[in-house]
Structures are given as C-alpha cells and as structure tokens.
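# Residue-level structural notes
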Amino acid sequence: MHIPVVIFKGAASVFGVNVPDIQGVHSWGDSLEDALNNVRAAITIHIETLLELGEPVDITQSKIEALQAYPEHAGGIWALVHLDLEKLDSKPERINISLLHFVLSKIDRYAAARHETHSGLQSRAALSLIEAEAKGGGSR
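To start, this report covers the structure provided alongside it. (Residues numbered from 1 in each chain as written. Predicted model: local features only at pLDDT ≥ 70, side-chain atom pairs only at ≥ 80, totals over all residues. Heavy atoms only, no water.)

## Digging into the pairing of strand β1 (residues 2-9)
Both β1 and strand β4 (residues 77-82) contribute to a ladder of six bridges, which runs antiparallel. Within β4, the residue paired with Ile7 across the bridge is Ile77. Alignment of β1 against strand β2 (residues 15-18), held across four bridges, turns out to be antiparallel. The residue bridging Val6 from the neighbouring strand is Asn18, located in β2. Hairpin connection of β1 to β2: five residues between the antiparallel strands. (Pairing = 2+ DSSP bridges. Helix = DSSP H or I, 4+ residues; strand = E, 2+ residues; numbered from the N terminus.)

## A short note on the packing of aromatic side chains
In this structure the tally under the stated criterion is zero aromatic pairs. When the ring centre of Phe15 is taken as origin, the NZ or CZ atom of Lys9, which lies over that ring, is 5.4 Å away. It is Arg114 that lies over the ring of Tyr110; its NZ or CZ is 3.5 Å from the centre. (Phe/Tyr/Trp six-rings, centres within 6.5 Å; stacked < 30°, edge-to-face > 60°. Lys NZ or Arg CZ within 6 Å of the ring centre and 35° of its normal.)

## Re the side chain of Ser27
You can see Ser27 is positioned in strand β3 (residues 26-29). Apart from residues lying up to four places away in sequence, Ser27 is in contact with Phe15, Gly16, Val17, Asn38, Val39 and Ala42. (Contact = heavy atoms within 4.5 Å.)

## Here's the deal with the pairing of β2
Only one face of β2 is buried: it carries Phe15 and Val17, and the other face, with Gly16 and Asn18, is open. As paired strands, β2 and β3 are joined by four bridges and run antiparallel to one another. Bridging from a neighbouring strand, Asn18 pairs with His26 of β3. (Buried < 20%, exposed > 50% of the residue type's maximum accessible area, 1.4 Å probe, protein only.)

## Here we look at the environment of Met1
One can find Met1 in the segment before β1. Here the alpha-carbon distance between Met1 and His118, two residues 117 residues apart in the chain, equals 33 Å. Apart from the residues within four sequence positions on either side, Met1 is in contact with Ile59, Gln61, Val81, His82, Leu83 and Leu85.

## Here's the deal with helix α3 (residues 101-113)
Along its 13 residues, α3 runs 18 Å from first to last C-alpha, staying within 8% of the 18 Å computed at 1.5 Å per residue. Two residues or fewer past α3, His115 is found with a positive phi of approximately 55 degrees. (Expected span 1.5 Å × (residues − 1).)

## Description of the pattern of salt bridges
Counting across every chain of the model gives one salt bridge. A salt bridge links Arg124 to Glu116; the nearest nitrogen and oxygen atoms lie 2.6 Å apart. We classify Arg124 as partly exposed; its relative accessible area is 44%. (Salt bridge = Lys/Arg side-chain N within 4 Å of Asp/Glu carboxyl O.)

## Points about unusual backbone geometry
One non-glycine residue, His115, lies in the positive phi region at around 55 degrees. Residue position: His115 is located in the loop between α3 and α4 (118-134).

## Quick word on the sheet that holds β4
Read from one edge to the other, the open sheet built from four strands follows the order β3-β2-β1-β4, with strand pairing classed as antiparallel. Of all the strands in the sheet, the pair left with one neighbour each is β3 and β4. Taking the axes of each pair of neighbouring strands and ignoring which way they run, one obtains an average angle of 30 degrees across the sheet. (Axes fitted to C-alpha atoms, helices over the stretch in contact; angles between N-to-C directions.)

## A word on the nonpolar core
Across soluble globular proteins, nonpolar side chains show a tendency to be buried alongside one another. By size, the foremost hydrophobic cluster in this structure holds 16 residues, and its most contacted members are Ile3, Val5, Val17, Val19, Ile22, Val39 and Ile43. Looking at this core, the elements that each hand over two or more residues are β1, β2, α1 (32-53) and β4. When neighbours within four sequence positions are excluded, Val17 is seen to be in contact with Val5, Val6, Ile7, His26, Ser27, Ala35 and Val39. (Core = buried A, V, L, I, M, F, W, Y, C linked by side-chain atoms within 4.5 Å.)

Bear in mind that shape data such as this cannot, by itself, settle questions of function.
This is the structure in structure tokens:
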C-alpha cells in the first residue's frame, strides 16, 4: 500500500512530514530520507497500537491531487510511502512451538487464573518483553 505524505521544510528547520489520510500521524527528520523513514515508522507504530487496542484501522488512500486542494498543504512536497500491511495483519495465525511440559502447565495455570488463554498470555508477554527491550530495560 502506498500512503501519500506531505513534507514541509522551513529555512531554518527540519523536514516535517504529515500523513493526511491517518489523523494525528506526523514525523520529522534532519534530512528528507530521515523524515520519510521516520514517518514510515510512525505510521507502523500507529497501526500496531490500534491493533493492540482492538481498534479499527481505517486508512483512506486519497489521491495526491485531491489532497493538494487543502490550504494546509499549500507549499508542501508530496511523496508516497510504501507500507507492507501484510506484516500488520491482526488475524490470528496458528503456529507450532515446543515447550517443556512443566512450563506449559505453569503458563496454563497462570492464564486460567486470569481468565486468559495461554496464546493470549504468551502474546502479551512477548509484546511486553519487546517493548521493555525497546525502552532499554531488557537484557540479553
């Protein structure tokens, strides 16, 4: 999927990027390349957050020509950012993993006590670990 973005650059500022089709998503970068990479990451994080919260992901794909008519976009440079939405699919996928029996038993008991499935608990635990490491709190 290609998403239109509009880039602004002031004389003494960084490159700012807005995503008109996804409300509230914007980013910036010291170079045009950094700005485009950063906005791609911002879009991905925004969509991942919506999926984690169970919120609908509604992205309209407007034509750049239609978006150019809005006064807030005057003077902007337009680009298309490619996103592989297949990687952000929220439908469950069956996988096959092997766990030690006593570990699986502990996971099942813990999940059952909290009215969760072991799949849900493992997903939540994995996301929590990834988030902690991204914040510098994890260790390897």
